[in-house]
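Residue strings, one per chain:
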Amino acid sequence: MISRQFSLLLLTAVSLTCCKTYRTFYKKTATISSTTPAKEQRLALRNVTTPALQDNLSKFQNLHMLDLTRNTSIDLATVFDQIAHPEKLRILLLDSIALNRLPKNITRFTELHQLSINGNPEADFEQIFGLLKELPIQFLNLQNNNLSNLPTNITMIKTLKDLNLSGNTMTNEDAYTELAKLPDLNSLWLTNNQLGKLPQKLSELRQLKDLYIEHNALYQIPDNIVAMEKLQVIHAGHNNFKELPTQFALLPRLILLHINNCPIHKIPDIFDKKQTTILGLIIDQNQLKDSDKEIWKKKLRHYFLLSF
């Protein structure tokens, strides 16, 4: 039997690490006018034109992160060529830049781990994925790109661990069959995808550990989700569940379940069984009666994190 101390440590570790791809660097982001360019690790070029970079960008000798968000006038190929030490760049943000195709010299960034292409619905993702297969991309942000499917060559990005597809309409079943071919994919975001039900083939992603399905129109969970035997964390809040889905209790490794802001008025008895692996349940802003809440607080007192 797992000890109480070990269970608490495990729950804490999962809580702290499940969103770590968004917390890589904390230091202040510099601009092109920095007086200490050689020391800067983060640089934002949001309002800088290509000519203004001449004789300036190359002075930044230690860049780990480059942010080009909303800079629709800059020439990417020129910018990429002027990075003095491309092997140091880890994070690249290309959000809302009216991107169509990536220049081939993005492959200069041989240690690029995180790439954000949020808000570029005209992007040619088949061309983009064809270049990214040459890089060690671990986190890929494809939010708000009007995607209902994905080019099949996404399976060539073998290093991919975290994929954010929020703000799209990922209803095409075939896309999930392709994602299942990514051996190291741990986390998948499907927030705000207008899902009335989960795609059946989502269950083929048996390598997933973290699943984010908040802010959809889900009212039930398919039985085959239990095939996702590595799932440890599920965020399913802001949906239309009227009953806490029993399928979550049957997942063999689920530790943490966030299912707040749903019209839940019933919790099935299966959640009272101590053989479930769930250690934390966050079910705030529901429609349970106060009397039922008190009953379930007692029944679930063995949970290490419980919030009604």
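Look above for the structure.
Below you will find a few notes about this structure. Source: prediction; values computed, not measured. (Residues numbered from 1 in each chain as written. Predicted model: local features only at pLDDT ≥ 70, side-chain atom pairs only at ≥ 80, totals over all residues. Heavy atoms only, no water.)

### A few points about the overall build of the chain
Here is step 1 of the chain: If you tally the helices and strands in the chain, you get 6 helices and 12 strands.
Here is step 2 of the chain: When its C-alpha atoms are laid out on the principal axes, the chain stretches across 70 × 40 × 35 Å.
Here is step 3 of the chain: Considering only contacts in the chain between residues 6 or more positions apart, those separated by 24 or more positions represent 49%.
Here is step 4 of the chain: Within the structure as shown, the chain displays about 14,600 Å² of accessible surface, and the carbon and sulfur contribution to it stands at 49%.
Here is step 5 of the chain: The chain carries 35 positive and 29 negative side-chain charges, and their two centres are separated by 6 Å. (Helix = DSSP H or I, 4+ residues; strand = E, 2+ residues; numbered from the N terminus. Contact = heavy atoms within 4.5 Å. Areas by Shrake-Rupley, 256 points an atom, 1.4 Å probe, with all protein chains shown as cover. Lys, Arg positive; Asp, Glu negative; His and termini not counted. Charge placed at Lys NZ, Arg CZ, Asp CG, Glu CD.)

### Topic: the packing of aromatic side chains
Here is step 1 of the chain: Inspection of the entire model under this criterion finds 4 aromatic pairs.
Here is step 2 of the chain: On the numbers, 6.1 Å between centres and 70° between planes, the contact of phenylalanine 139 with tryptophan 189 is edge-to-face. You can see phenylalanine 139 sitting in strand β5 (residues 139-141) and its partner tryptophan 189 sitting in strand β7 (residues 187-189), a full 50 residues away along the chain. When sorted by exposure, phenylalanine 139 lands in the same class as tryptophan 189, which is buried.
Here is step 3 of the chain: Ring geometry for tryptophan 189 against tyrosine 212: centres 4.6 Å apart, planes inclined by 5°, an arrangement best described as stacked. With tryptophan 189 in strand β7 and tyrosine 212 in strand β8 (residues 210-212), this residue pair connects regions lying 23 residues apart in the sequence.
Here is step 4 of the chain: Residue classification places tryptophan 189 among the buried positions, given a relative accessible area of 7%.
Here is step 5 of the chain: Three or more aromatic residues link up through ring pairs in this structure, and these residues are Phe139, Trp189 and Tyr212.
Here is step 6 of the chain: One cation-aromatic arrangement involves lysine 299 over tryptophan 296; the distance from NZ or CZ to the ring centre is 4.6 Å. (Phe/Tyr/Trp six-rings, centres within 6.5 Å; stacked < 30°, edge-to-face > 60°. Buried < 20%, exposed > 50% of the residue type's maximum accessible area, 1.4 Å probe, protein only. Lys NZ or Arg CZ within 6 Å of the ring centre and 35° of its normal.)

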